[in-house]
Amino acid sequence: DAGITQSPRHKVTETGTPVTLRCHQTENHRYMYWYRQDPGHGLRLIHYSYGVKDTDKGEVSDGYSVSRSKTEDFLLTLESATSSQTSVYFCAISENSYEQYFGPGTRLTVT
Amino acid sequence: RKEVEQDPGPFNVPEGATVAFNCTYSNSASQSFFWYRQDCRKEPKLLMSVYSSGNEDGRFTAQLNRASQYISLLIRDSKLSDSATYLCVVEGTGGGNKLTFGTGTQLKVEL
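Residues numbered from 1 in each chain as written. Chains lettered and ligands numbered in written order. Predicted model: local features only at pLDDT ≥ 70, side-chain atom pairs only at ≥ 80, totals over all residues. Heavy atoms only, no water.

(A) Focus on the interface of chain B and chain A. Counting residues at the interface gives 23 residues for chain B, matched by 24 residues for chain A. Each partner contributes to the roughly 1,800 Å² buried at the junction of chain B and chain A, and carbon and sulfur atoms together form 54% of this total. The interface formed by chain B and chain A contains zero salt bridges. Inspection of the chain B/chain A interface yields eight residue pairs in polar contact (both at pLDDT 80 or more). Of the residues forming the side of chain B that touches chain A, the biggest block, four residues, is contributed by strand β5 (residues 44-50) of chain B. (Contact = heavy atoms within 4.5 Å. Buried area = accessible area lost by both parts, 1.4 Å probe. Salt bridge = Lys/Arg side-chain N within 4 Å of Asp/Glu carboxyl O. Polar contact = N/O pair within 3.5 Å; in protein donor to acceptor, adjacent residues only side chain to side chain. Helix = DSSP H or I, 4+ residues; strand = E, 2+ residues; numbered from the N terminus.)

(B) Structural context of the side chain of Ser30 of chain B. Residue and element names in this part refer to chain B. Inspection of the secondary structure puts Ser30 in the loop between β3 (19-25) and β4 (33-38). For Ser30, the side chain forms a polar contact with the main-chain oxygen of Glu91, separated by 2.9 Å. Not counting residues up to four positions away in its chain, the partners in contact with Ser30 are Tyr25, Arg66, Val90 and Glu91.

(C) Just the nonpolar core, in detail. With 23 residues, the main nonpolar core has Phe21, Trp35, Ile71, Leu73, Ile75, Tyr86 and Leu107 of chain B as its most contacted residues. Taken together, the elements giving at least two residues each to this core come down to β3, β4, β5, β7 (60-65), β8 (70-75), β9 (84-91) and β11 (105-110) of chain B. Judged by nonpolar contacts, the second largest core, of 19 residues, contains Cys23, Val60, Leu78 and Val110 of chain A. (Core = buried A, V, L, I, M, F, W, Y, C linked by side-chain atoms within 4.5 Å. Buried < 20%, exposed > 50% of the residue type's maximum accessible area, 1.4 Å probe, protein only.)

(D) Seen up close, the sheet that holds β7 of chain B. All names here are of chain B. Strand order across the open sheet formed by five strands is β1-β3-β8-β7-β6, with antiparallel pairing between neighbours. Two strands lie at the open edges of the sheet, namely β1 (4-6) and β6 (55-57), each paired on one side alone. Direction aside, neighbouring strands of the sheet carry axes that sit 20° apart on average. Alignment of β6 against β7, held across three bridges, turns out to be antiparallel. Looking at the pairing, Asp57 lines up with Phe60 of β7. (Pairing = 2+ DSSP bridges. Axes fitted to C-alpha atoms, helices over the stretch in contact; angles between N-to-C directions.)

(E) Fine view of the state of the cysteines. Residue and element names in this part refer to chain A. All told, the structure shown has two disulfides over all chains when counted by the stated rule. Paired through a disulfide, Cys23 and Cys91 show a sulfur-sulfur distance of 1.9 Å. Measuring the twist about the S-S bond at about -70°, one finds the Cys23-Cys91 disulfide to be left-handed. Separated by 68 residues along the polypeptide, Cys23 in strand β3 (residues 19-25) and Cys91 in strand β9 (residues 87-94) bring together distant segments of the chain. (Disulfide = S-S within 2.5 Å.)

(F) Highlighting the side chain of Thr13 of chain A. Residue and element names in this part refer to chain A. Checked against the element boundaries, Thr13 lands in strand β2 (residues 10-13). Within polar-contact distance, the side chain of Thr13 engages the side chain of Thr17 at 2.5 Å. Look past the residues within four positions of Thr13 in its chain and what remains in contact with it is Val19, Ala81, Leu108, Thr109, Val110 and Thr111.

(G) How the structure looks around the sheet that holds strand β7 (residues 64-70) of chain A. All names here are of chain A. Within the open sheet, the four strands sit side by side as β1-β3-β8-β7. Their pairing is antiparallel. The open sheet terminates on both sides in strands that have one partner only, identified here as β1 (4-7) and β7. Within this sheet the neighbouring strands show an average axis-to-axis angle of 20°, counted without direction. Bridge count for β3 against strand β8 (residues 73-78) is six bridges, and the pairing is antiparallel. Note on β8: the bridge partner recorded for Cys23 is Phe74.

Written as structure tokens, this is what we have:
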């Protein structure tokens, strides 16, 4: 299995609070991605990174920001969490091909 | 039209049966195709890539029909452990080695 960890694995937070999710990889892969998965929607890309300090938006980026200051870490921040951001969040990595490898996920509940 | 469409199932089959899943995609420029497997409350895992000539990995066979923009996955001699959701995945648009995921087809293999 690819060396990808996510933290925290579970989090419950209140509406309006900031939340940061962390993805850490030990594979030295160039690309990192954040997805959310909701019933009926499948996996949807939030943001992705193609190198240190190089990031771009995905299809559902509103309300989310990201940062990548080191190759191994990709942070996803919800500036002011809303109930619609209750979801399962997956991080993924890839190198030169389109094959992506996923972390174990973070279950976020916004009350 | 969704970018990647799959029959959500569930497909309930007896152990030992052969089952086939189909998927259609809308981006005719896509060159890379995959099947991922996702167990309940787990991360997606790469099952196999799909090549133009078709490819086989043990009991699993993947086929691609570019003219019809159609991908298939055949599972022979189904095992209880094959029970999972199978995601059809297609190269996305806009660079970044992005992928577009179908919502998945659920398979339940029964005794």
